[in-house]
Amino acid sequence: MSDGPSVTGGPGVGGSRCAAIELESPTATRRAGLAMGRTLPDRALVLFSGEMGSGKTTLIKAICEGLGIAPETVISPTYTLVNIYPGPPPVYHVDLFRIEKPEAMLELDRDDWINPGGPTLIEWPEAALPLLEGESVLQVRMAHAGNDALRRTLEAEGGAALFAALFQALEREDAAQE
Amino acid sequence: MTHALAIDTTSDYLSLAVLKGERPAGSRYLPCGVKATQIVIQEIDGLLTGAGLTAHDLELIVVAVGPGSFTGTRIGMAAAATFGQVLARPVIGVDTLQLLAAQTEPAADVTFHALLNCARDEVYHAAYRWNGVPVALGPIAMTTFGELHRVVGEAPVVARRFDPAPANGEDPLSRFDPMPLRRPHPDAELLLELGLARYREHPAGPFPLPQPIYLKSEAFRKWRR
Amino acid sequence: MAPLASDPLGLAIDTTFDDTSVAILRGKREVLANLTLSQFKDHEEFGGVVPERASRKHLEAIQPLLAQALTRAGVGFGELDYVAVSTVPGLLGSILVGLTVAKSLAYLLARPLIGINHIEAHPYANVLAHGELPFPALHLVAAGGHTLLIHQTGHFQWSIVGRSVDDAAGECVDKVAKMFGHAMPGGPAVDRLALTHAPAAHRFPRPMLNDPGLDFSFSGLKTAVLYYRRDHGGDLEEGPVLSAFFDAVIEVLIVKTLRAARRFRPKAVTVSGGLAASQKLRAAFEAAAAEAGLRLLYPPPELCTDNAAMVACLAAHRYAAGRFDDLTLDGRPNLLD
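To keep things clear, this report deals only with the structure shown in the data block. Remember, it's a predicted structure, so these values are computed and weren't measured experimentally.

1. Looking at the sheet that holds strand β4 (residues 82-88) of chain C
All names here are of chain C.
At step 1: The strand order across the open sheet formed by 5 strands is β3-β2-β1-β4-β5, and the pairing between neighbours is mixed. Only two strands of the sheet have a single neighbouring strand rather than two, namely β3 (30-36) and β5 (113-117). The mean angle between the axes of side-by-side strands here comes to 20°, regardless of whether they run parallel or antiparallel.
At step 2: In terms of strand pairing, strand β2 (residues 21-26) meets β3 through 6 bridges, oriented antiparallel. The residue of β3 that forms the bridge with Val22 is Leu35.
At step 3: Helix α1 (residues 58-73) rests against β1 (9-14), β2 and β3 of the sheet, and its axis sits at about 150° to β3.
At step 4: Each of β1, β2, β3, β4 and β5 is contacted by helix α10 (residues 308-320), which is oriented at about 120° to β5, the strand it contacts most.

2. Focus on the interface of chain C and chain B
At step 1: Facing the 22 residues of chain C at the interface are 26 residues of chain B.
At step 2: Around 2,200 Å² of area is buried between chain C and chain B when both sides are counted, 68% of it from carbon and sulfur atoms.
At step 3: Ranking the residues of chain C by area buried against chain B places Leu59(C), Tyr107(C) and Leu108(C) at the top, with a combined share of 30%.
At step 4: At the junction of chain C and chain B, the tally comes to 1 salt bridge.
At step 5: Lys35(B) is paired through a salt bridge with Asp330(C); the nearest N and O atoms lie 3.1 Å apart.
At step 6: Scanning the region where chain C abuts chain B turns up 7 residue pairs in polar contact (both at pLDDT 80 or more).
At step 7: Per-element accounting of the side of chain C that touches chain B gives the leading share, 12 residues, to helix α2 (residues 92-109) of chain C.

3. Side note on the sheet that holds strand β9 (residues 268-272) of chain C
Residues and elements named next belong to chain C.
At step 1: Taken together, 5 strands build an open sheet; the order of strands is β8-β7-β6-β9-β10 and the sheet is mixed. The two strands at the open ends of the sheet, each matched to only one other strand, are β8 (157-163) and β10 (296-297).
At step 2: Direction of pairing for β9 relative to β10: parallel, over a ladder of 2 bridges. Residue pairing in the sheet places Val269 in a bridge with Leu296 of β10.

4. Some remarks on the interface of chain C and chain A
A common way to state how big an interface is: give the accessible area lost once the parts meet.
At step 1: With 30 residues of chain C in contact, the opposing surface of chain A contributes 29 residues.
At step 2: Here chain C meets chain A over a buried area of about 2,500 Å², counting both sides, of which 56% is carbon and sulfur.
At step 3: Taking the shortest distance from any N to any O, the salt bridge between Arg98(A) and Asp18(C) comes out at 2.6 Å.
At step 4: Where the side of chain C that touches chain A is concerned, the elements lending two or more residues are α5 (169-179) and α7 (219-232) of chain C.
At step 5: Of the residues belonging to the side of chain C that touches chain A, the class tally is 8 nonpolar, 9 polar and 13 charged.

Each value, and the rule that gives it
Residues numbered from 1 in each chain as written. Chains lettered and ligands numbered in written order. Predicted model: local features only at pLDDT ≥ 70, side-chain atom pairs only at ≥ 80, totals over all residues. Heavy atoms only, no water. Pairing = 2+ DSSP bridges. Helix = DSSP H or I, 4+ residues; strand = E, 2+ residues; numbered from the N terminus. Axes fitted to C-alpha atoms, helices over the stretch in contact; angles between N-to-C directions. Contact = heavy atoms within 4.5 Å. Buried area = accessible area lost by both parts, 1.4 Å probe. Salt bridge = Lys/Arg side-chain N within 4 Å of Asp/Glu carboxyl O. Polar contact = N/O pair within 3.5 Å; in protein donor to acceptor, adjacent residues only side chain to side chain. Nonpolar A, V, L, I, M, F, W, Y, C, P; charged D, E, K, R; others polar.

That is the geometry; function is a separate question.
Okay, here's the thing in structure tokens:
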């Protein structure tokens, strides 16, 4: 997909890796999210793209659950910009939907929206891309699969070494579904 | 007789100093991280009380206006502006690079640079000559270490970093020629000196409310190219 | 500390979200000034000191707003009896600006400091408009990032009994409005269209309506509108569609509120927050409350959106109760920790 966010900069040791899996239902999306949350490295930066309704909310709730956060506390940060779920580890859930000009990001300190002590999950990350140059991020793209109202595809792309455990977990999920 | 208070919350330190009748009458230089809001007022109160002053004795407020931590800078400036507004006293802003530059006192013909590394490869810098106080030769700029070498060359520097130095690999700041320092920290007593010098140039004002310095344009310029 | 004033003059500051707000209140209900930065279309009104009119520019805006508020109220700093500030929830960097200003004021004026929960303050817009709340009260707060049902048994005694588990209702409305090309915030546009168009025959889902609990979910409704729009392409008339969509939002809010009312038997039900400004929502709530025999209160539209007057009103009650904070008061980004 070419319209997703992209950040220039190295994926780090081991090059970059991409995985794509089909998710047949919200239950499958949730399982993939749980697996991702359990294998997310310490201070991972994860960027989410995909249109409204593509399953980002379901996936992010499950990732947080995999990280040990009560899923019902995971709500949309569209208005707050940043939700901080107390961990351990604390999880930053960021949504830059309302940031129209990237310049507005300049009013924020890095620590305001990038978690210094745990993972950071960013929805609608476009406005932040200039400030993420050179960072090793995991890009997650959700999309509708065909005309089935429930099926989704999940694409994950990031440093092969940094996210090795996560990619393995996604492979297992993929195999389990088939 | 001038009683004055200086506030600097632009870094991870809460830095305060009070001047009583031209003489330093106490200071604080406390590591506080993001907790500046929690302690700043009590520390100011303790400092003033220790100096035998109340806030209403103050005739001048000096505040560090950045560059530095945005939230930190806003906290100090919000406090300083409110003190100025309620007490109807002037607030003088001093930038953090001039403050760094004031840590040293070279001969008048030496051009030197102040460098402030706030995050990763982002460095604020400005060039100075000494004339009683450090006098900036140009505006504060933000650049990368790569470009910084071209600008600074062999000139001596006063440098500071906010983040810890990279764990593996060399600290890029160590590649520059460090100057001897007359003070170990860019603390609020230095801030007071600079603010007072500025005040004495134009004691009758006007005193527009200082504005924070947010320079982060470099990342965006690169992005547009 | 000096004895409490019987008719105190209070100042409140709110910088929790995008807007910078300052209010001055006499007693518990007399609003002498209630200013938000976004009200100022003309920079001249700002007395020459012109902050850029942009969100999250609290530092640049707050001193001119304070000066303006004192002028409007015709009072000086020295006459204030307390200083209040919202400390939760919001963007921490924004909260800390208002909090530092409030602490500085409280210190310099030697007056009590009162830290306020912005969400707890929303229903107090009804106190300003209608007088004291009867307790127990049930509040639907539909503001910014939150859709909440709050059960309140007395001042400062409240608990959240229902909340959105994903998107807030107002956010759902704004995002659907944006799908149809309306600028954010799209709530007023949707309300206008819903008032002037009969709803389309299509019935949008009412998420969690049949769930016996009091929580809300609006993410799926937003997605349903997206699909509907995609499947019907160019020949879609937005008025009837948005009207049908808004009916779904309103029905969910009303059904859950009434369900909570049956459970808690409140003496009054209040609706506050940005979405409570909607005429269609108010009319529907009035009809439903009348049928259920409930006393319904909602504030005038200008007190629905974020404002410091409601913060001052809650603070006045805290002042009367002698419940103050000390100068180490901290801000908190999350409503629930």
